[in-house]
Amino acid sequence: MKRKLNHLFAFLKKPQNLILLFFVVTLGYLVLFPLVCIIRDTFIVHASEVMRVKGSKIGDFTTYHWIKVFADKNSATIFYTPLFNTMKIALGACIVSISFGGSFAWLVTRTDMRWKGLLTKLFMFPYIMPSWTLALAWMNFFKNSTVGGAQGIFTALTGIVTPNWFAYGGFPITLVIGLHYAPFAYILIGGILRNMDANLEEAAVILKTSRARMFMKITIPMVMPAVLSTFILVFSSAMSAFAVPQFLGLPVRYYVLTTQMFRNLNGTNPGYGYIIALVMIAIALIIMFINQAVIGKRKSYTTVTGKSANISTFKLKGFRTPISTIFLVLVLCVSVIPMISFLLQSLIKIQGNYSPSNFTLDFWIGEAGASNELNDKAGILINKDVWKGLFNSLKLSAVASLGAGTFGFLAGYAIVKQRGTFLSRFVENLTFIPYLIPSMAFSVIYLSMFAVRHGPIPALYGSFALLAIIGTVKYLPMASRSGVNSMLQLSHEIEEAAMIVGVPWWKRMTQIIVPIQKSTVISGYLLPFISSMRELSLYVLLVTPANKVLTTILFQYNEKGWDQYANAINFVIIVFVLVINFGIEKLTGASIEKGVGG
Amino acid sequence: MPVIRLVNVTKKFGSFVAVDHLNMTIQDGDFVSLLGPSGCGKTTTLRMIAGLETPTEGEIYIDDTLVFSDEKGINLSPDKRNVGFLFQNYALWPHMTVYKNIAFGLENLKWSKADIEKRVEELLKTLQIEEFRGRYPAELSGGQQQRVAIARTLATNPSILLMDEPLSNLDAKLRNGMRAELKRLHATSNSTFVYVTHDQSEAMTLSTRVCLMERGLLQQYCPPLELYGEPTNLFVADFMGNPTMNFVDVKARSTNDGIELTCPSMNLLFTPLEAVEIDESEDYVLGLRPEAVLIQDDGQIEGTVISSLPSGMETTLSIEVKDVRLSSVVFGNIDFAMDSKVNLTFKGNTYILFNKRTRNKVAMGSLTIK
């Protein structure tokens, strides 16, 4: 007995164990409990469903939802078609991003393409910008008057009316998501191409292998692991994308799992929504296992040898200028041109008319009640609501990133310190779960979990604290993953050298570990901050008029068809995110690229 | 007065036993090497002494103070054990200058600024790194980093210095230089050194005592030359020495003259230093150090040279006698032609008979050829 007590005492004396215990308790409540709630909610009758489930009371056990979603004559519309659409889009997006990002990576690392510096910087834009940016830009250009109300820039310029399949639905969603995640492919594949030991290719050259054969037989197999990781990353991201299918799919009633879930949760069938959420979690889990099974084993052969000083570059010769120009145009199309379109759209009075007389600054600085007749609102720069939204966005992002970054780093530290123990593995998995739960489902659960008081935890619905908590938890995986990875690089000896001379824990953290891991710590804050600034699906259900954030204002304006305002706000968000990102990158050297895959 | 005493110390990682009931006493002023192949528990032992690792069972005393006892629930933290620890990868703090690296521990002990300055200057001077005081670890070579690490460890004047393979990251030439310096340091500092290494020549040349371990078990704990000359079992005999000891499988039979050893290639008479009992049903192994396999023109056993590796100071030969292959070291600057015939003989009483089943030493003695 005494011995057991001694062991317990020794266990609690280690700060890393206390940290792990802290996470077991808090994440148990904030992550595991919600998961249980989702499952429970698929089996009970919700308030809005009492009429349809005959003879039931609220909270009764029922299998109604499961039957309706999977085995009913309407299941096709409720579930199977959106599932099929999701799969189609996710696969298509993978193909788009791997071919575009992969070829760009090869051109940048292995050829003498021009303007590499500028191109790579611009290429990252779509990833830094909110995911719906390209979707809105697509609409600005290609919408048609049949569905979109007014014609887009493309029709205005050429007179060609875009068909519905081109302007809305699966095709543009796939393309837009694919382009948004193309930077993943560039970073992951480019990373390998850049660090690949030149000897591998030189050995082939010595053996008189032709360039084409060498590319097929050596270069491609070498980057295969990276292609696979890109595939998995893009697939799972595309699957949980909400804003893009919402903007581009809704006008033609094209639903994917996320938008279908939103419709159900927000409407009268929350039970369906929870089941869809579960399906999405299940798919995400399967992908994660495939990832570990396939990539885990092969990782070793992508190992960087570090002796890659002299990679021979492939001479494009006569194609140099044409290829460089084509890529410059493509990259501009996904980076600068969308921004121009937002600016442009926010400056015209009557939509679809691009003649100079139609331009106005009303939507930016016009007073309420002035010439702006669509809807009588003040221009966004003098609109109190918008300013408040911006302030809320900044406040929320700052709090969520501080929370996620700090807790994530501490989790990473404790997980690595106790690596190999059950507790450490358990917490590592706990911190990863928020990544798997679709944002929308996560927020719905929080909505119901915090609607009423639970013991000492007060009802938080409508409060800023709830937004801050969900932001912190949702972005925890980003920071904890990078925390784990960087702590693994740091030998335990570094800390033990200080323990030997009796440096207390907090001092070891603040004076040794954190200064050494400075760049990880900063990216641990940067990544959640930027993600939160452009987050929509996580917050959209939880905001109340009192604490709207910029993105939800944008969403609301967009839904109401207040196009110019929406574009103006979007422009503001993008500028903000870009400025913050590059500012921090310049100041600290930490960059968003390093966080990919987390 | 014993400085460090380990009593029945056991460390388990899950079901894996890293250190198994280790009992060991390290005397004041000793330079003890913990030697063994990787995974034998030597680093774990060192870390348990330091307090960086918590034993599963047992007791550890330092200077007669109980610093760890599983039963009594005592576990002093590393800083209360007055030990210094030199890490394998130096563990210099990369964001601090050389000066700051050395001073940090002292600042933490609340030394006065002037005292810290004096102590650091003194160390910088002793270790000849004065000119690097303002540099960061990344700007130093491996050897310089090592010196900084030593200075940092010595800064607090620990009475016990624990070192975990401190020279393994240095190149061969630098390593030799640092070995000499460590030995000098030990002689001048009057502290007790405990040194982990997998390099037998390091253990042999530096220590006053060597503790050879395998799979968590102590194999032999004695002065280095004894470890080499009188190994208690086949593992120790095989581990120590380069080129390794020759092992010949033999059958043994007690006679009036001594013990008769037979193997397909030769018949030998083994005269043990002390009387032993031989069980004829057992298999035995005869161990011969290469330098005890002598090449002499009047040797009675003829062998064929398979390979000859001259290094200038000595030549290592591989010789085949019927189906047995023996290595032999010949001192001096000589080379032998391949496939040439040489004659072998034995002298002295460094030959060891082991029991093949128990792997333990049976007897030491001399050999004559029949």
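Residues numbered from 1 in each chain as written. Chains lettered and ligands numbered in written order. Predicted model: local features only at pLDDT ≥ 70, side-chain atom pairs only at ≥ 80, totals over all residues. Heavy atoms only, no water.

Side note on the overall build of chain B
Part 1: Across its full length, chain B carries eight helices and 22 strands.
Part 2: On the principal axes, the C-alpha backbone points of chain B span a range of 75 × 50 × 35 Å.
Part 3: Taken over 370 residues, chain B has a buried fraction of 51%.
Part 4: Surface exposure of chain B reaches about 16700 Å², of which carbon and sulfur atoms provide 48%.
Part 5: In chain B, which carries 37 positive and 47 negative side-chain charges, the distance between the mean positions of the two groups comes to 5 Å. (Helix = DSSP H or I, 4+ residues; strand = E, 2+ residues; numbered from the N terminus. Buried < 20%, exposed > 50% of the residue type's maximum accessible area, 1.4 Å probe, protein only. Areas by Shrake-Rupley, 256 points an atom, 1.4 Å probe, with all protein chains shown as cover. Lys, Arg positive; Asp, Glu negative; His and termini not counted. Charge placed at Lys NZ, Arg CZ, Asp CG, Glu CD.)

Re the packing of helix 2 (residues 15–41) of chain A against helix 21 (residues 422–436) of chain A
Residues and elements named next belong to chain A.
Part 1: Where helix 2 meets helix 21, the closest approach of the two axes is 9 Å, and the angle between their N-to-C directions is 40 degrees. By the angle class used here, helix 2 and helix 21 are oblique. Considering only the axes of helix 2 and helix 21, their crossing is left-handed. Packed against helix 2, whose contacting residues are Leu20, Leu21, Phe23, Val24, Leu27, Gly28, Val31, Leu32 and Leu35, the element helix 21 presents Leu423, Ser424, Phe426, Val427, Leu430, Thr431, Ile433 and Pro434 at the interface.
Part 2: Partitioning the contact of helix 2 with helix 21 into residue classes produces 14 nonpolar, three polar and no charged. (Axes fitted to C-alpha atoms, helices over the stretch in contact; angles between N-to-C directions. Parallel < 35°, antiparallel > 145°, perpendicular 65-115°, else oblique. Left-handed = near helix turned anticlockwise from the far one by under 90°. Contact = heavy atoms within 4.5 Å. Nonpolar A, V, L, I, M, F, W, Y, C, P; charged D, E, K, R; others polar.)

Looking at the domain arrangement of chain A
Residues and elements named next belong to chain A.
Part 1: Each assigned domain of chain A is listed here: domain 1 (13–42 + 383–595) and domain 2 (71–365).
Part 2: Of the residues lining the interface, 44 residues belong to domain 1; the matching set on domain 2 comes to 42 residues.
Part 3: Summed over both partners, the interface of domain 1 with domain 2 buries about 4000 Å², with 77% contributed by carbon and sulfur atoms.
Part 4: Our count for the contact surface shared by domain 1 and domain 2 stands at zero salt bridges.
Part 5: At the surface where domain 1 touches domain 2, the tally comes to five residue pairs in polar contact (both at pLDDT 80 or more). (Domains from an automatic or database assignment. Buried area = accessible area lost by both parts, 1.4 Å probe. Salt bridge = Lys/Arg side-chain N within 4 Å of Asp/Glu carboxyl O. Polar contact = N/O pair within 3.5 Å; in protein donor to acceptor, adjacent residues only side chain to side chain.)

Some remarks on the packing of helix 20 (residues 384–417) of chain A against helix 25 (residues 505–516) of chain A
Residue and element names in this part refer to chain A.
Part 1: Direction vectors running N to C along helix 20 and helix 25 enclose 100 degrees, while the axes themselves pass 14 Å from each other. By the angle class used here, helix 20 and helix 25 are roughly perpendicular. Contacts from Phe409, Leu410 and Tyr413 in helix 20 reach Trp505, Met509, Ile513 and Val514 in helix 25.
Part 2: The class makeup of the residues in the contact of helix 20 with helix 25 is seven nonpolar, no polar and no charged.

Structural notes on the confidence of the model for chain B
Residues and elements named next belong to chain B.
Part 1: Per-residue confidence for chain B gives a mean pLDDT of 90; residues scoring 70 or more make up 99%.
Part 2: No element of chain B has a lower mean pLDDT than helix 5 (residues 172–189), at 86, and none a higher one than strand 3 (residues 31–35), at 95.
Part 3: Both scores are available for the predicted complex, with the pTM at 0.79 and the ipTM at 0.77. (pLDDT = per-residue confidence, 0-100.)

Focus: the domain arrangement of chain B
Residues and elements named next belong to chain B.
Part 1: Annotation of chain B at the domain level lists domain 1 (2–235) and domain 2 (243–364).
Part 2: Contacts between the two partners involve eight residues from domain 1, matched on the other side by 11 residues from domain 2.
Part 3: Carbon and sulfur atoms make up 57% of the area that domain 1 and domain 2 hide from each other, which totals about 870 Å².
Part 4: Counting the surface domain 1 buries against domain 2, the share from its top three residues, Tyr228, Pro231 and Leu234, is 64%.
Part 5: At the junction of domain 1 and domain 2, the tally comes to zero salt bridges.
Part 6: For the pair domain 1 and domain 2, the interface holds four residue pairs in polar contact (both at pLDDT 80 or more).
Part 7: Elements with a minimum of two residues in the side of domain 1 that touches domain 2: helix 7 (224–229) and helix 8 (234–239).
Part 8: Of the residues contributing to the side of domain 1 that touches domain 2, the split by class is four nonpolar, three polar and one charged.

A few points about helix 7 (residues 133–142) of chain A
Part 1: Counting buried positions along helix 7 of chain A gives nine out of 10 residues, so the element sits mostly inside the fold.
Part 2: Within the span of helix 7 of chain A, buried status applies to Thr133, Leu134, Ala135, Leu136, Ala137, Trp138, Met139, Asn140 and Phe142 of chain A.

Focus on the nonpolar core
Part 1: In this structure, Phe104, Ile177, Tyr446, Tyr539 and Ile569 of chain A together with Leu162 of chain B are the most contacted members of the largest nonpolar core, which totals 207 residues.
Part 2: Apart from residues lying up to four places away in sequence, Phe104 of chain A is in contact with Met113, Leu119, Thr120, Phe123, Tyr186, Phe327 and Val331 of chain A.
Part 3: Grouped together as the second largest cluster of nonpolar side chains are 32 residues, Leu106, Phe132, Leu170 and Tyr195 of chain B included. (Core = buried A, V, L, I, M, F, W, Y, C linked by side-chain atoms within 4.5 Å.)

Considering the pairing of strand 21 (residues 351–355) of chain B
Residue and element names in this part refer to chain B.
Part 1: Burial of strand 21 is extensive: five of the five residues sit out of reach of the surface.
Part 2: Residues Tyr351, Leu353 and Asn355 line one face of strand 21 and the alternating positions Ile352 and Phe354 line the opposite face, and both faces are buried.
Part 3: Sheet analysis places strand 15 (residues 284–288) next to strand 21, joined by four bridges and oriented antiparallel. Opposite Val285, over in strand 21, you have Phe354 as the bridge partner.
Part 4: Summarising the sheet, strand 21 and strand 22 (residues 361–369) pair through four bridges and their orientation is antiparallel. By the bridge assignment, Phe354 is partnered in strand 22 with Lys361.
Part 5: Where strand 21 folds back onto strand 22 in an antiparallel hairpin, the turn is made up of five residues, including Arg359, whose phi is positive at roughly 65 degrees. (Pairing = 2+ DSSP bridges.)

A few points about the interface of chain B and chain A
By a widely used convention, the size of an interface equals the accessible area lost when the partners come together.
Part 1: Residue-level contacts link 32 residues of chain B with 21 residues of chain A.
Part 2: Summing the contributions of chain B and of chain A, the shared interface buries around 2200 Å²; its carbon and sulfur component is 58%.
Part 3: Three residues stand out in chain B for area buried against chain A, namely Trp93, Phe104 and Asn108 of chain B, and they jointly supply 24% of the buried area on that side.
Part 4: Put simply, chain B and chain A have one salt bridge between them.

A word on empty space enclosed by the protein
Part 1: Applying the stated rule across the entire model yields four cavities of 30 Å³ or more.
Part 2: Here the largest cavity is characterised by a volume of approximately 110 Å³.
Part 3: Lining of the largest cavity is provided by 14 residues; of these, Ala497, Ile500 and Val501 of chain A together with Arg152 and Thr153 of chain B occupy positions nearest its centre.
Part 4: Its residues placed into classes, the lining of the largest cavity shows eight nonpolar, five polar and one charged. (1 Å grid on protein atoms, 1.4 Å probe; cavity = no way out; pocket = protein on both sides within 12 Å on 5 of 7 lines; lining within 4 Å. Points joined across faces, edges and corners; volume = space filled by probe spheres on them.)

Considering the sheet that holds strand 11 (residues 217–222) of chain B
All names here are of chain B.
Part 1: Sheet architecture is open: six strands sit in the order 7-8-9-3-10-11, paired in mixed fashion. A strand with exactly one partner marks an edge of an open sheet, and here the two such strands are strand 7 (83–86) and strand 11. The average undirected angle you get between the axes of adjacent strands in this sheet is 15 degrees.
Part 2: Of the pairings in the sheet, the one linking strand 3 to strand 9 (residues 192–197) comprises five bridges and is parallel in character. Looking at strand 9, one finds that Leu35 is bridged to Thr197.
Part 3: On the sheet, helix 4 (residues 142–154) packs against strand 7 and strand 8 (160–164) and is oriented at approximately 170 degrees with respect to strand 7.
Part 4: Where helix 5 meets the sheet, its contacts fall on strand 3, strand 8 and strand 9, and the angle it forms with strand 9 comes to roughly 160 degrees.

A look at the layout of surface pockets
Part 1: Taken as a whole, the second largest pocket spans an internal volume of roughly 1600 Å³.
Part 2: Around the second largest pocket, the lining is made up of 50 residues, and of these Ala10, Lys14 and Asn17 of chain A together with Leu52 and Thr54 of chain B lie nearest the centre.
Part 3: Residue assignment for the lining of the second largest pocket shows that the elements contributing at least two residues are helix 1 (2–13), helix 2, helix 20, helix 24 (492–500) and helix 25 of chain A together with strand 1 (2–13), strand 5 (65–69) and strand 6 (74–75) of chain B.

Points about the confidence of the model for chain A
Part 1: Looking at chain A as a whole, the pLDDT averages 83, with 92% of positions reaching at least 70.
Part 2: Of the regions scoring below 50 in pLDDT, residues 298–309 of chain A engages in 16 contacts with residues more than four places distant in sequence or in other chains.

Quick look at the packing of aromatic side chains
Part 1: Tallying each qualifying case throughout the model produces 47 aromatic pairs over all chains.
Part 2: Their ring planes at 45 degrees and their centres at 5.3 Å tell us that Phe100 of chain A and Phe123 of chain A sit as a pair that is tilted. Taken together, the residues Phe100 of chain A in helix 4 (residues 75–110) and Phe123 of chain A in helix 5 (residues 116–123) connect sequence positions 23 residues apart. Of the two residues, Phe100 of chain A and Phe123 of chain A, both sit in the buried class.
Part 3: Members of the aromatic cluster, joined through ring pairs, are Trp138, Phe141, Phe142, Phe154, Trp165, Phe166 and Phe171 of chain A.
Part 4: Positioned over the ring face of Tyr61 of chain B is Arg5 of chain B, at 4.4 Å from the centre of the ring. (Phe/Tyr/Trp six-rings, centres within 6.5 Å; stacked < 30°, edge-to-face > 60°. Lys NZ or Arg CZ within 6 Å of the ring centre and 35° of its normal.)

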